[in-house]
Amino acid sequence: MSMTIIEKILARGAGLEEAHAGDVVVCDVDMTVLIDLQFATLWKDPTRIADPDRLAVIMDHAVPAPTIGDADGGVRARAFVRRFGIERFFDVGRHGICHQVIAENGLARPGEILTCTDSHTCAAGAYNNAARGLGPIEVYSIMCTGKTWFQVAPTIRYELLGAKPEVVSGKDIFLHIAGTYGDATNHNLELGGPGLASVPMNDRRTIATQGAEVSADFTTFPADEICLDFLQERIGERPEPVEADLGAAYAAVRQVDLSELTPWVARPGKVADNALPVSQLERRRVDQCFIGSCANGQIEDMRVAAEMLRGRRVAPGVRLIVTPASQAVYAQAVREGCVETLVDAGAIVTNSTCGACFGYHMGLLGAGEVCITASTRNFKGRMGSPDAEIYMASPRTVAAAAIAGEIIDPREVLG
Amino acid sequence: MKDVIEGRAWVFGDSVDTDNMYPGFAMKLSLQEAATHVFYNLRPGWTGEVAAGDIVVAGRNFGVGSSRPVAQLFLELGVVALVAEEFNSLFLRNSINFGLPAVTIPAAATTIADASTVRLDIPGATIEPAGGGARLMGTPLPEFVLDILAQGGLLPKLAADGYLPVAGAGR
Ligand code: SF4
């Protein structure tokens, strides 16, 4: 029987010929990622682990440590890495947001299964991988046993048509999908179709990352030549892609004509059924603008921010915070002059960490403030006070707001 | 885990997210302190009203959001089970792995009266008013998931299998 991409990958992981929606499968996990938060709370050194070569440890959410608890977590992480000989250790200095580090180092490969505590682990679906967040206890269990279970969910297919205009990014495609079709709770998303060729890898990763915001289980892309080129540069080989079968069963097939899309924005609170084209939003002044996170702290996002701010300035009374997603992105942004352009324009370029995205240790919002963010979540209270409002848009639209002091269609700034 | 429990139900709406239950600022606090902030914004003061043995009932897409261990806070507050019309799958697994039953029962949030006492059959996936009334039927959890719950969550299971130095570590 025909299978979707995710059904094929899970079947392979379970050593089965086939897997279909509704089946419960027990899979070998190819790569498991532990993050700093895992060591800061709940941690107990295990007596043994399944395989140090299928494990990576990435320091990302709260680095350099903002609290003693986080610092103690770092101590435990380093001791664990030494004790078990974990080679893939991305300590402070080599760090970055885990989903960025996973991508840069080719830890997520086509046809494989990757798990991590963090809910945005679905990001690696951009690389034709079955990746998802599973919570700290389950990831700990996978570290010990090398396995976990999945209930195969039905898949919704997005068939991309046409070519994406330059001004439209992965964020806009995602916001259009979330705003138009709403939640996909207990479903997988699969994107593909002829329009995919116009969507570069960074945009695919933004979309895959944000599958979490529509509550999807897995979000997966096929591995086309663009994807295989990306992976070859990082892992030195061209892995075997997993394609959906003709006639695979989908819960729904929805077409998105990329050529008709414009910049989109989500209103505060959530993205599902809560987004619209920026041109239709009433004008809204902003206090803080944030470009960063696992979704949009990539080098391409740094370039867009710099391109928008070159020769312009952050509006008086507005804070623009830019956070490269990893040390590697940071270094590249410095080499390309993005950092200089941004700082000259009045932006703040921070260390690579989750930071402002989850309201933990920097860039928090006060009561009554309005923020527009290119990060992943606009939940009430996500970035600080529950009495702040968080809009969400692409880095280009966020940069435009920083320049204008209010939310506007970036094409007006480019004008 | 008791199969059938009676307790007071606290009823919430659709798409209650994790940041509403475990806000970012609370991640810097001890479990006891963090637990005082559950639903801090949706229902201020709730953590002063909830008591040991209570059940949280929610609507669709319950627990959308991050993997932060919300279940630990519910356990800290004495909540013994979660019921929702639909769970985010990460949130559901996260709860079960901490030993907190999470049962999917359609129409639960729209039918159950807030602060009423209900009878919940966890393996049977049914809920009804304790004083009598219509019984709502849900989807039973797979047998091996009920086993995880019976053992008190994944950590006790790992301890029993010799992966942890001390049995029952980390609650
Ligand atoms: S950047 Fe934000 S969404 Fe991404 S992993 Fe960090 S906290 Fe989570």
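Residues numbered from 1 in each chain as written. Chains lettered and ligands numbered in written order. Predicted model: local features only at pLDDT ≥ 70, side-chain atom pairs only at ≥ 80, totals over all residues. Heavy atoms only, no water.

## A few points about the packing of aromatic side chains
Part 1: In the structure shown here, the tally under the stated rule is 20 aromatic pairs over all chains.
Part 2: Geometrically, the ring pair formed by W10 of chain B and W46 of chain B is edge-to-face, given 6.2 Å between the ring centres and 90 degrees between the ring planes. With a gap of 36 residues between them, W10 of chain B in strand β1 (residues 4–11) and W46 of chain B in helix α3 (residues 46–49) connect regions that are remote in the sequence.
Part 3: By relative accessible area, which is 0% here, W46 of chain B ends up buried.
Part 4: Arranged with centres 5.9 Å apart and planes meeting at 85 degrees, the rings of F12 of chain B and W46 of chain B form a pair that is edge-to-face. Within this pair, whereas F12 of chain B is found in the loop between β1 and α1 (18–21), its partner W46 of chain B is found in helix α3, the two being separated by 34 residues in sequence.
Part 5: Judged by relative accessible area, which is 7%, F12 of chain B ranks as buried.
Part 6: Here the aromatic cluster, defined as three or more aromatic residues joined through ring pairs, consists of F39, W43, F80, F84 and Y140 of chain A.
Part 7: Taking the ring centre of Y163 of chain B as reference, the NZ or CZ of R48 of chain A above it sits at 4.1 Å. (Phe/Tyr/Trp six-rings, centres within 6.5 Å; stacked < 30°, edge-to-face > 60°. Helix = DSSP H or I, 4+ residues; strand = E, 2+ residues; numbered from the N terminus. Buried < 20%, exposed > 50% of the residue type's maximum accessible area, 1.4 Å probe, protein only. Lys NZ or Arg CZ within 6 Å of the ring centre and 35° of its normal.)

## Examining the nonpolar core
Part 1: Ranked by internal contacts, the top residues of the largest apolar core, which has 159 residues, are L10 and F80 of chain A together with W46, F62 and F74 of chain B.
Part 2: Broken down by element, the residue count for this core peaks at six residues, all from helix α5 (residues 136–145) of chain A.
Part 3: Each residue touching W46 of chain B, except ones within four places of it in the same chain, is listed here: W10, F12, V38, F39, V56, F74, L77 and V79 of chain B.
Part 4: Core analysis: the second largest hydrophobic core is formed by 41 residues, L281, A305, L320 and A401 of chain A among them. (Core = buried A, V, L, I, M, F, W, Y, C linked by side-chain atoms within 4.5 Å. Contact = heavy atoms within 4.5 Å.)

## What to know about the site of the ligand
Part 1: Residues in contact with the ligand, as listed here, are H61, I97, H99, D118, H120, S293, C294, C354, C357, F358, T376 and R382 of chain A.
Part 2: A breakdown of the residues in the shell around the ligand according to their chemical character gives five nonpolar, five polar and two charged. (Near = heavy atom within 4 Å. Nonpolar A, V, L, I, M, F, W, Y, C, P; charged D, E, K, R; others polar.)

## Digging into helix α1 (residues 5–14) of chain A
Each turn of an α-helix holds 3.6 residues, which means side chains three or four residues apart point in the same direction.
Part 1: Among the ten residues in α1 of chain A, seven count as buried, and that is most of the element.
Part 2: One or two steps after α1 of chain A, the chain reaches G15 of chain A, where phi turns positive at roughly 70 degrees.

## Quick notes on the interface of chain B and chain A
Part 1: The interface is formed by 41 residues belonging to chain B together with 42 residues belonging to chain A.
Part 2: Each partner contributes to the roughly 3500 Å² buried at the junction of chain B and chain A, and carbon and sulfur atoms together form 59% of this total.
Part 3: The three residues of chain B that bury the most area against chain A are K28, R93 and Y163 of chain B, which together make up 20% of that side's buried surface.
Part 4: Across the pair R93 of chain B and E138 of chain A runs a salt bridge, and its minimum N-O distance is 2.7 Å.
Part 5: There are 17 residue pairs in polar contact (both at pLDDT 80 or more) connecting chain B and chain A.
Part 6: Take the side of chain B that touches chain A: its biggest share by element is five residues, from helix α5 (residues 89–97) of chain B.
Part 7: When the residues that make up the side of chain B that touches chain A are grouped by side-chain class, the tally is 18 nonpolar, 15 polar and eight charged. (Buried area = accessible area lost by both parts, 1.4 Å probe. Salt bridge = Lys/Arg side-chain N within 4 Å of Asp/Glu carboxyl O. Polar contact = N/O pair within 3.5 Å; in protein donor to acceptor, adjacent residues only side chain to side chain.)

## Considerations on the packing of helix α10 (residues 299–309) of chain A against helix α13 (residues 395–404) of chain A
Working note: a packed helix pair is described by the angle between its axes plus the distance between those axes.
Residue and element names in this part refer to chain A.
Part 1: Between α10 and α13, whose axes approach to 9 Å, the crossing angle comes to 30 degrees. Classified by the interaxial angle, the pair formed by α10 and α13 is roughly parallel. For the pair α10 and α13, the sense of crossing is right-handed. Here D301, V304, E307, M308 and L309 of α10 come into contact with α13, specifically with P395, R396, A399, A400 and I403.
Part 2: Split into classes, the residues belonging to the contact of α10 with α13 amount to seven nonpolar, no polar and three charged. (Axes fitted to C-alpha atoms, helices over the stretch in contact; angles between N-to-C directions. Parallel < 35°, antiparallel > 145°, perpendicular 65-115°, else oblique. Left-handed = near helix turned anticlockwise from the far one by under 90°.)

## So, the packing of α10 of chain A against helix α11 (residues 327–335) of chain A
All names here are of chain A.
Part 1: Relative to each other, α10 and α11 sit at 35 degrees, their axes nearing to 9 Å. Here the hand of the crossing between α10 and α11 comes out right-handed. The residues of α11 that touch α10, namely those facing I299, M302 and R303, are V329, Q332 and A333.
Part 2: The class makeup of the residues in the contact of α10 with α11 is four nonpolar, one polar and one charged.

## Notes on unusual backbone geometry
Residues and elements named next belong to chain A.
Part 1: Residues V63 and P64 are joined by a peptide bond in cis, for which omega reads -20 degrees.
Part 2: Residue position: P64 is located in the loop between β3 (55–58) and α3 (68–84).
Part 3: Notably, N186 is not glycine yet its phi reads approximately 55 degrees, a positive angle.

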